[in-house]
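# Descriptive analysis of the structure
Listed here are the chains, written in short residue letters.
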Protein chains: 2
Amino acid sequence: MRKINTRDFKLATRSTPREINRQILLNLVRDHQPVSRADLARRMGVGRGMVTSLVSELLAEGAILEGDMGDAPRGRKPTMLHVRTRDRLVVAVDVRFTRTFVMLSDFDGTQLALETFETVFEPAALVEELAARVHRLVGGYGAAGAVEGIGMVVPGMVDRRTGRILNSPQLGWRDVDVRGDLEAATGLPVHIENAPIACALAQMWLGQRGGDGAADFVYVTVSDGVGAGVVVNGQVVRGHGHTAGEFGHVPLDPEGPYCLCGARGCWEAYTSNLATVARYLGQDLAPEQGRRAVKRLGIGFDDVVTRARTGDARARAALQETGRYLGLGLAMIVNALNPSRIFVGGEVTSAWDLIEEQVRTAISERALTPAAARSPIIPEQAGTHPRLRGAIALVAAPLFAAPQVA
Amino acid sequence: MRKINTRDFKLATRSTPREINRQILLNLVRDHQPVSRADLARRMGVGRGMVTSLVSELLAEGAILEGDMGDAPRGRKPTMLHVRTRDRLVVAVDVRFTRTFVMLSDFDGTQLALETFETVFEPAALVEELAARVHRLVGGYGAAGAVEGIGMVVPGMVDRRTGRILNSPQLGWRDVDVRGDLEAATGLPVHIENAPIACALAQMWLGQRGGDGAADFVYVTVSDGVGAGVVVNGQVVRGHGHTAGEFGHVPLDPEGPYCLCGARGCWEAYTSNLATVARYLGQDLAPEQGRRAVKRLGIGFDDVVTRARTGDARARAALQETGRYLGLGLAMIVNALNPSRIFVGGEVTSAWDLIEEQVRTAISERALTPAAARSPIIPEQAGTHPRLRGAIALVAAPLFAAPQVA
DNA sequence: ACCAATTTGTTCGCAGGAAGAACAAAACGC
DNA sequence: GCGTTTTGTTCTTCCTGCGAACAAATTGGT
């Protein structure tokens, strides 16, 4: 029961049904490939005639491909259809505080090249550096297919429509138009998105095929900060001012430790990697000295995990406390949005076996119903570059998304 | 960019464009009535021919009406169109812990009759009582129009599709099928919904006409408990297990006061009416004795407000603290979802002038961006029966909602 | 009083595309 | 080779958006 916005609606034309059915068919091919025309007709509940017509249109556009003959017990053998992905390339860019990652991949997420360099904070210089690398990658892998766009993920608020980065404290950017410059420098369409949202997009568009198409889930990223990408009704929630998903700065305790945002007791101040390290070292995080002390000692989150695994009881305790607070925050999300599942990404997942019990206990304590207490929490295994996969989704998703109508 | 669910999609047929445009037109009439065909054609950007055809269809169905001639500086005078609401009736039912409210109203929300009775907790008995009253109302106001359905609002989780009440602690119901029984007893279609969601629906469908069509907002109800109805992209969020919006049981402080849900420090335990009264009396809320003490003294939330207004400094302080915690919880919603606005309903609104400053201060302290800190918080004035209006929306909304497509 | 101008509302013909039936093609077993 | 079965194409029908032409209603100027 969606309300129609009388200021910003989209009329249906004669060709609207075709657009809709085209996208449905394309998504069915995507989820069930390899698949025959006759099978598609059965799944869609339409005649094979219509499928033929839609398929030939998609074939002409190069959206799908005919593959081998399939096998059938009786009758004519079907020709199988696939989505064309292998020779359609994307440049995925992940700008992080320390380093920037650039990956060349195809629409499926298969990695062709990956390079990283130290992040340049000056927007113009970053664009120049990126443009040079994109140019090199496009030239070097020209034979593998055509690059159809650049997907870029940044920490901070982004206005998807204009492509402007409204505010990124980590990079020190305010209302910067990187998209326009990068498009001009490379001649490729550029899509920019906020990092946790991109991770949610990666789950939505590149997650396991034929999954139950979870249309309601939350992706929580735990690294230096804590953020969340929220998906409701198959759509990402961006918020009115582009700042939705900032669960990281919801207070768990008004008297809690100081957070980098200036407030006290933020969820992030309990469960971010920095918080875990600070807890292990027995330091208070926020007073600037504490933070520098953490940095000086050169102990990172991964070191804490390693020590916990090799018998350091204090490290183990620090991690378990992180797990407990992680669970409390997740319980908040369960109560607020009751998603069908919550994905967790970031370095914590490497210690999941050490903290899972604490996480689940905390959720059970706080969940309102037994069903909610059982909400699946799915750690995304490390090393899958969820942000880069999100960047790929930024380019690939528009081809598969439902047409906007009404 | 909505993802198409390949398990549960809806094909477009030949008549899909018509359905879509029909609903757009109907909504335009609703928002701009009285309005002429030519004006609609201009607003929709289509020829007048198509408008004529759609309008005659809607006229034939009785969805809209032709009214007076309008006035124009030159040329033929237009005939104005209206949505037909006056003679289309709804029975709205609000089942609360103490009393049940039954209202007869038209589609516009104009009240024709309102009665209340003490809530019967036994489902079968309640249905019987309701059926008798509906029968009486329908008979008594037969001349005013035809009753097109019953909208029912209950405290607790509801499965909208099946109409079953999954769990209502307040009423002591678990997996009860009131809808089927009430439909059988009255012969009218029945829609059931959870209370905070219904309040959000009331805002969405019966809120001020031609408002900016806020498609992203949250309605927070503060009474005995604290709940929220969340609207994203023009759609209500129900959650995977029908328990979305339970912000009331997110902890503000793990060491805080006990909540009726059993946990500690819930937002509800700080800002519900009971919490305010308990704070005023200096009692701890949750231990069963405290709660009974509050009841025994016979002081309600309204009494605290009255005393605060007549110079009782302790009452004033208790309310202001409630305001502060209310603000902290609202800040959480702002950070999590960044809605375009937050509506607040319930008895607190009667003391809004006393607490507004505290609310706004708390939000400012916790919001991440200046824009988020300025998020409009709109108290709904008391006595407007938002839950009953939500019940009306349950019946009226399907006529205006966007058709589900793709 | 009549005519031009202007605006509203209706009708009609064209064309895009869903829907389904008829038809052609391919494979298998007898 | 021939019937059977399944796949894929083609063709006809009909719904409906879309634009153009037309009818109706009103005002103001001559």
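Residues numbered from 1 in each chain as written. Chains lettered and ligands numbered in written order. Predicted model: local features only at pLDDT ≥ 70, side-chain atom pairs only at ≥ 80, totals over all residues.

## Comments concerning the packing of helix α1 (residues 16-32) of chain B against helix α3 (residues 48-61) of chain B
The axes of two packed helices give the description: the angle between them and the distance between them. Residue and element names in this part refer to chain B. Two numbers describe how α1 lies on α3: the axes approach to 10 Å, and their chain directions differ by 80°. Taken together, the axis directions place α1 and α3 in an arrangement best described as roughly perpendicular. Side by side, α1 and α3 meet where N21, R22, L25 and L26 of the first sit next to V51, L54, E57 and L58 of the second. Looking at the contact of α1 with α3, its residues break down into five nonpolar, one polar and two charged. (Axes fitted to C-alpha atoms, helices over the stretch in contact; angles between N-to-C directions. Helix = DSSP H or I, 4+ residues; strand = E, 2+ residues; numbered from the N terminus. Parallel < 35°, antiparallel > 145°, perpendicular 65-115°, else oblique. Contact = placed C-beta atoms within 7 Å. Nonpolar A, V, L, I, M, F, W, Y, C, P; charged D, E, K, R; others polar.)

## Here's the deal with unusual backbone geometry
A:P34 follows A:Q33 through a cis peptide bond whose omega is -5°. Along the chain, A:P34 turns up in the loop between α1 (16-32) and β1 (35-36). Positive phi, normally seen in glycine, also occurs at A:D175, with a value near 50°. For A:D175, the position within the fold is in strand β10 (residues 173-176). The exposed category is assigned to A:D175, around which 11 C-beta atoms lie within 10 Å. Phi at B:A406 is positive, roughly 65°, even though this residue is not glycine. Of note, B:A406 is situated in the segment after α14 (386-400). (Buried ≥ 20, exposed ≤ 12 C-beta atoms within 10 Å, placed from the backbone.)

## Section: the protein's contact with DNA strand C
In the neighbourhood of DNA strand C, 29 residues make up the surrounding shell, with A:R18, A:G49, B:T13, B:G49 and B:G75 lying closest. Going through the elements one at a time, α1 and α3 (48-61) of chain A together with α2 (37-44) and α3 of chain B are the ones with two or more residues in the surface near DNA strand C. Tallied by class, the residues present in the surface near DNA strand C amount to eight nonpolar, eleven polar and ten charged. (Near = placed C-beta within 6 Å.)

## Concerning the nonpolar core
Membership of the largest hydrophobic core comes to 250 residues, with the highest contact counts inside it found for A:L201 and B:L201. Ignoring sequence-local partners within four residues, the contact set of A:L201 consists of A:V236, A:G390, A:A393, A:L394 and A:A397. (Core = buried A, V, L, I, M, F, W, Y, C linked by C-beta atoms within 7 Å.)

## Considerations on the packing of α1(B) against α2(B)
Residues and elements named next belong to chain B. Running from amino to carboxyl end, α1 crosses α2 at an angle of 115°, the nearest separation of the two axes being 11 Å. Considering the relative orientation of α1 and α2, their crossing is right-handed. Each of I24, L25 and L28 in α1 lies in contact with α2, whose residues at this interface are L40, R43 and M44. Its residues assigned to classes, the contact of α1 with α2 shows five nonpolar, no polar and one charged. (Left-handed = near helix turned anticlockwise from the far one by under 90°.)

## Some thoughts on the relation of the copies chain A and chain B
Aligned on chain B, chain A shows an RMSD of 0.1 Å; the corresponding rotation is 180° and the shift along the axis is 0.0 Å. The two molecules are tied by a two-fold rotation axis, judged by turn and shift. Across chain A, the rotation axis passes nearest the C-alpha of A:D253, at a separation of 2.3 Å. Looking at chain A, 99% of its interface residues are interface residues in chain B too, so the copies touch through the same face. (Least-squares fit on C-alpha atoms with pLDDT ≥ 70 in both.)

## Quick notes on the protein's contact with DNA strand D
Within the structure, DNA strand D sits among 31 residues, and A:T13, A:G49, A:G75, B:R18 and B:G49 are positioned closest to it. Residue composition of the surface near DNA strand D, by class: nine nonpolar, twelve polar and ten charged.

## A closer look at the interface of chain A and chain B
Taken together, the contacts link 71 residues of chain A with 70 residues of chain B. Of all the secondary-structure elements, those providing two or more residues to the side of chain A that touches chain B are α1, α6 (195-206), α11 (313-337), α12 (352-366), α13 (370-373) and α14 (386-400) of chain A. The greatest single-element share of the side of chain A that touches chain B, amounting to nine residues, is contributed by α1(A). Residue composition of the side of chain A that touches chain B, by class: 38 nonpolar, 22 polar and eleven charged.

## With respect to the sheet that holds strand β14 (residues 235-236) of chain B
Residues and elements named next belong to chain B. As summarised here, the arrangement of the five strands in space is β14-β13-β12-β15-β16, forming an open sheet in which the pairing is mixed. With one partner strand each, in any of the chains shown, β14 and β16 (377-379) form the two edges of the open sheet. Across six bridges, strand β12 (residues 217-222) lies against strand β13 (residues 226-232) in antiparallel orientation. Considered in β13, the bridge of F217 is made with V231. Along the sheet face, helix α6 (residues 195-206) touches β12, β13, β14 and β15 (341-346) and points at about 45° away from the line of β13. (Pairing = 2+ DSSP bridges.)

## Quick notes on the environment of B:V102
Residues and elements named next belong to chain B. Residue placement: V102 occurs in strand β5 (residues 99-106). Residues V102 and G151, 49 residues apart in the sequence, show an inter-C-alpha distance of 9.9 Å. Discounting chain neighbours no more than four positions away, the residues touching V102 are V91, V93, E115 and R133.

## Some points on the environment of A:G323
For A:G323, the position within the fold is in helix α11. Taking the C-alpha atoms as reference, A:G323 lies 14 Å from A:T221; in sequence the two are 102 residues apart.

## Here's the deal with the sheet that holds strand β7 (residues 146-154) of chain B
Sheet strands associate in pairs through backbone hydrogen bonding, adopting either a parallel or an antiparallel arrangement. Residues and elements named next belong to chain B. Taken together, the five strands give an open sheet; going across it, the order is β6-β5-β4-β7-β11, and neighbouring strands pair in mixed fashion. In this open sheet, the two strands that pair with only one neighbour each are β6 (111-118) and β11 (190-194). Averaged over all pairs of adjacent strands, the angle between strand axes in this sheet comes to 15°, irrespective of strand direction. Here β5 pairs with β6 via seven bridges, running antiparallel. Directly across from L104, in β6, lies its bridge partner A113. Contacts from helix α5 (residues 178-186) reach β7 and β11, with the element oriented near 150° to β11.

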